[in-house]
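Reading the structure
Here is what each chain is made of, one letter per residue.
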Amino acid sequence: MADNLPSEFDVIVIGTGLPESVIAAACSRSGQRVLHVDSRSYYGGNWASFSFSGLLSWLKEHQENSEIVSECSVWQEKILENEEAIALSRKDKTIQHVEVFCYASQDLHEDVEEAGALQKNHASVTSANSTEAADFACLPTEDESLSIASCEIPTEQTPRSDPKSALEVNDVKTTGEKENCCDDKTCVPSTSEEETSENVPTAEDTAEQPKKNRITYSQIIKEGRRFNIDLVSKLLYSRGLLIDLLIKSNVSRYAEFKNITRILAFREGRVEQVPCSRADVFNSRQLTMVEKRMLMKFLTFCMDYEEYPDEYKAYEEMAFSEYLKTQKLTPNLQYFVLHSIAMTSETASSTIDGLRATQNFLHCLGRYGNTPFLFPLYGQGELPQCFCRMCAVFGGIYCLRHSVQCLVVDKESGKCKAVIDHFGQRIIAKHFIVEDSYFSENTCSRVQYRQISRAVLITNKSVLKSDSDQQISILTVPAEEPGAFAVRVIELCSSTMTCMKGTYLVHLTCTSSKTAREDLEPVVQKLFIPYTETEIENEEVEKPRLLWALYFNMRDSSDISRNSYNDLPSNVYVCSGPDCGLGNDNAVKQAEAFFQQICPNEDFCPPPPNPEDIILDGDSLQPEASESSAIPEASSETAKESPHLGNTEEPSE
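Residues numbered from 1 in each chain as written. Predicted model: local features only at pLDDT ≥ 70, side-chain atom pairs only at ≥ 80, totals over all residues. Heavy atoms only, no water.

1. Regarding the pattern of salt bridges
Applying the stated criterion across every chain, the model contains 22 salt bridges. Put simply, D10, R33 and K430 are held in one network by salt bridges that share partners. (Salt bridge = Lys/Arg side-chain N within 4 Å of Asp/Glu carboxyl O.)

Here it is in structure tokens:
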């Protein structure tokens, strides 16, 4: 039980975001005793994914959290004379300026419930029917089914099939054999329910087919479990640090991925597809033959630009956009390279940064598909849970809804020696990993945080019509005003298991200069139109209709110097929340750096032993065979041919 934990661990990790989860997995894998706790009722922190009703619960919890008044805690009585305490915060101040808008018809009746929802009981129901919550979210609300978790181990929660696959990339719609771990916020599996809700057409589906263009709010509620809405919007570079870590550690067997199918550009008020691979370039109808040759020549140079220093040395201090003007590229090609391949802006990157970004983009092409990017099925929130599961497999203990009141510091040594939780338990450890949001204002008084502007939209069709309705796209909309930032748009279709059929889930992200709505609404207005009853009959409308929108600002605590925090002991390590970047390299680098300090000379997340190589009778172990089978690598040719990559050898029967 959570109120009777062991009194001593090697490592205590507070927060279940991606970097914390990676560190917990690495420490547990290396033999450390790990306690991993989170005061929230769900895994992932600001990296989490929610079903639609789960997101409404999160909005309500955010409002209630902002109203918490700090109280004098009993833990102060447990601090000895030779100790001092670093109090942790009870408020999560990482989310601000939350605004929700519903444009779909709100024909919601009291008896409308989420399809496939777990049966409610007295112990697991949290009501969200308060008038205050309804006013806050600008939406009708419903009863939320919330499973109470304490001291849970995620190995029981995510039963994945096919542990042989090192990295599965699906090009077709997968089955629903996967738990929806967001609505109950504790990743409790319900495989049979998911198979039913994902694969069997319901009466409501059949009834709605004749009026498929009319999506109502009650439909979104009924199909709410088909949504997996990420708080942070990111993609995985196919040769990025996170993909390499997933394959090396064999954690990839807990997840599945899909290719990003299109890279788009927004130019002169229109959305168009960007040719990025060799095949795309030569098949493109947007480019003339001369432009195709220009682009291929420049991209070939970027692949090995370090070998030709004379070509760029004179422009190193220049902005990348200015350097492109000196190359034999038309304005059309300059725009594509700057915004859709290097994914930067006119002033944001130097020539070297732009060339490096372009090289990385090209280096990642072809490993798992036609673009450099992958997206995890069921959302970004799957990734922290995958590493939590690895930690639990090797003995880590997990407790959700478990608050830590303070860190206990020994005055003589200056090191942290223990934590005191909300049960009053004193738990001793050697090392402490704490996510930034848990520190109080006193600890963070000198920290200067940036902010990320986020928007989540539900729309009725894609921003760029194509033959297939199952496109996954990334689009960069350049900033128009000085001081503003480019907006990254990621559009997800229903085959990613993040939204219901007939809708798209659209994520917008940029560095904040104002509130999220002020930063992002101009881009939303360029790409979408609000869904109104008067326009339902108008079939000629080109822009997608906006059904529902959420805006919020999220704290960006990346790249904060440790010295900015007040009086932190040397054995307390601060993990940052999500950054504004597209990839996850920052989280992996941070996790590896902290792990090397905790366990010097240890391998970072080595692969688990092959069951066939576990010796019970004293026979000699063959590490070479184990290594080669546990760390598969796929060539680009193999990647293009098969959606299942890096499969290990199957045992003969």
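2. Some remarks on the pairing of strand β1 (residues 11-14)
Along any regular strand, the residues point their side chains to alternate faces of the sheet. Judged by which residues are buried, β1 turns out to be covered on both faces: V11 and V13 on one side and I12 and I14 on the other are all buried. The sheet contact formed by β1 and strand β2 (residues 34-38) spans four bridges and is parallel. Its bridge partner being in β2, I12 is matched across the sheet by L35. As a crossover connection, the stretch from β1 through helix α1 (residues 18-29) into β2 is right-handed. In this sheet, strand β19 (residues 431-435) lies alongside β1 in parallel orientation, the contact comprising four bridges. The partner of V11 across the bridge, within β19, is H431. (Buried < 20%, exposed > 50% of the residue type's maximum accessible area, 1.4 Å probe, protein only. Helix = DSSP H or I, 4+ residues; strand = E, 2+ residues; numbered from the N terminus. Pairing = 2+ DSSP bridges. Right-handed = clockwise from strand over helix to strand, strands pointing away.)

3. Regarding the sheet that holds strand β16 (residues 404-410)
Either a parallel or an antiparallel arrangement is found when strands of a sheet pair, and the pairing is made through backbone hydrogen bonds. Ordered by their spatial adjacency, four strands build an open sheet running β4-β16-β17-β18, and the pairing between neighbours is antiparallel. The sheet is open, and its two edges are formed by β4 (83-87) and β18 (426-428), each paired on a single side. Sheet twist, expressed as the average angle between the axes of neighbouring strands with direction ignored, equals 30 degrees. As paired strands, β4 and β16 are joined by five bridges and run antiparallel to one another. Within β16, the residue paired with E84 across the bridge is V409. (Axes fitted to C-alpha atoms, helices over the stretch in contact; angles between N-to-C directions.)

4. Here's the deal with α1
The terminal C-alpha atoms of α1, which comprises twelve residues, lie 16 Å apart, in line with the 16 Å expected from a rise of 1.5 Å per residue. In terms of residue burial, α1 counts as a mostly covered element, since twelve of its twelve residues are buried. Listing the buried residues of α1 in full gives L18, P19, E20, S21, V22, I23, A24, A25, A26, C27, S28 and R29. Backbone geometry just after α1 places G31 at a positive phi near 100 degrees. (Expected span 1.5 Å × (residues − 1).)

5. Here's the deal with unusual backbone geometry
Unusually for a residue other than glycine, E268 sits at a positive phi of about 55 degrees. The topology assignment puts E268 in the loop between β12 (262-267) and β13 (270-273). Here E268 falls in the exposed class, since its relative accessible area comes to 67%. Unusually for a residue other than glycine, D559 sits at a positive phi of about 60 degrees. Here D559 is to be found in the loop between β25 (545-556) and β26 (572-575).

6. Observations concerning the confidence of the model for the protein
Overall, the predicted model of the protein reaches an average pLDDT of 79, with 74% of residues at or above 70. Per-element confidence in the protein is highest for strand β9 (residues 229-230), whose mean pLDDT is 98, and lowest for strand β6 (residues 125-126), whose mean pLDDT is 30. Note on residues 117-166: pLDDT under 50 across the span, and 144 contacts to partners over four residues away in sequence or across chains. Predicted confidence for residues 172-210 stays below pLDDT 50, and this span has 96 contacts to residues more than four positions away or in other chains. (pLDDT = per-residue confidence, 0-100. Contact = heavy atoms within 4.5 Å.)

7. A few points about helix α13 (residues 382-393)
The α-helix advances 3.6 residues per turn, and as a result positions three or four apart in sequence lie on the same side. The terminal C-alpha atoms of α13 lie 17 Å apart, and with twelve residues this matches the ideal 16 Å at 1.5 Å per residue to within 8%. Along α13, eleven of the twelve residues are buried, which leaves the element largely enclosed by surrounding structure. Restricting attention to buried positions, one finds in α13 the residues E382, L383, P384, Q385, C386, F387, C388, R389, M390, C391 and A392. Downstream of α13 by one or two residues, G395 has phi in the positive range, about 105 degrees.

8. Observations concerning the nonpolar core
Generally speaking, nonpolar side chains in soluble globular proteins are found buried as a group. By size, the foremost hydrophobic cluster in this structure holds 74 residues, and its most contacted members are F52, F298, F320, W548 and L550. Counting 46 residues, the second-largest nonpolar core is a separate cluster that includes V22, A25, V251 and L400. (Core = buried A, V, L, I, M, F, W, Y, C linked by side-chain atoms within 4.5 Å.)

9. A few points about the packing of α1 against helix α15 (residues 585-598)
Contact geometry of α1 with α15 gives a least axis separation of 9 Å together with a crossing angle of 40 degrees. Crossing angle aside, the handedness with which α1 passes α15 is right-handed. Where α1 approaches α15, its residues L18, P19, V22, I23, A26 and C27 are matched on the opposing element by A587, Q590, A591, F594, F595 and I598. (Left-handed = near helix turned anticlockwise from the far one by under 90°.)

10. What about the sheet that holds β2?
The five strands lie next to each other as β15-β2-β1-β19-β26, forming an open sheet whose pairing is parallel. Looking at strand neighbours, the two that pair on one side only are β15 (397-400) and β26, the edges of this open sheet. If you compare each strand with its neighbour and ignore which way they point, the axes differ by 15 degrees on average. Inspection of the sheet shows β2 paired to β15 by four bridges, in the parallel sense. Paired with D38 across the strands is L400, a residue of β15. The strands touched by α1 within the sheet are β1, β2, β15, β19 and β26, with β2 carrying the most contacts at an inclination of about 160 degrees. Seen against the sheet, α15 touches β1, β19 and β26 and runs at an angle of roughly 170 degrees to β26.

11. Section: the environment of V419
Residue position: V419 is located in strand β17 (residues 416-421). Considered as a pair, V419 and Q405 are 14 residues apart in the sequence and their alpha carbons are 7.4 Å apart. When neighbours within four sequence positions are excluded, V419 is seen to be in contact with I12, V404, C406, L407, Q425, R426, I427 and F432.

12. Considerations on the packing of helix α7 (residues 241-249) against α13
In the contact formed by α7 and α13, the axes pass within 12 Å of each other and the chain directions differ by 30 degrees. The angle between the axes of α7 and α13 places the two elements in the roughly parallel class. The handedness of the crossing between α7 and α13 comes out as left-handed. Two secondary-structure elements touch here, α7 through L242, L245, L246 and S249 and α13 through L383, F387 and M390. (Parallel < 35°, antiparallel > 145°, perpendicular 65-115°, else oblique.)

13. Things to note about the environment of N46
As for its position among the elements, N46 is in the loop between β2 and β3 (49-50). Residues N46 and S437, spaced 391 residues apart in sequence, show a C-alpha to C-alpha distance of 9.7 Å. If we ignore the near neighbours within four places in the chain, the residues touching N46 are D92, T94, I95, L231, V232, M554 and P578. Among the polar contacts made by the side chain of N46, one reaches the side chain of T94 at a distance of 3.0 Å. (Polar contact = N/O pair within 3.5 Å; in protein donor to acceptor, adjacent residues only side chain to side chain.)

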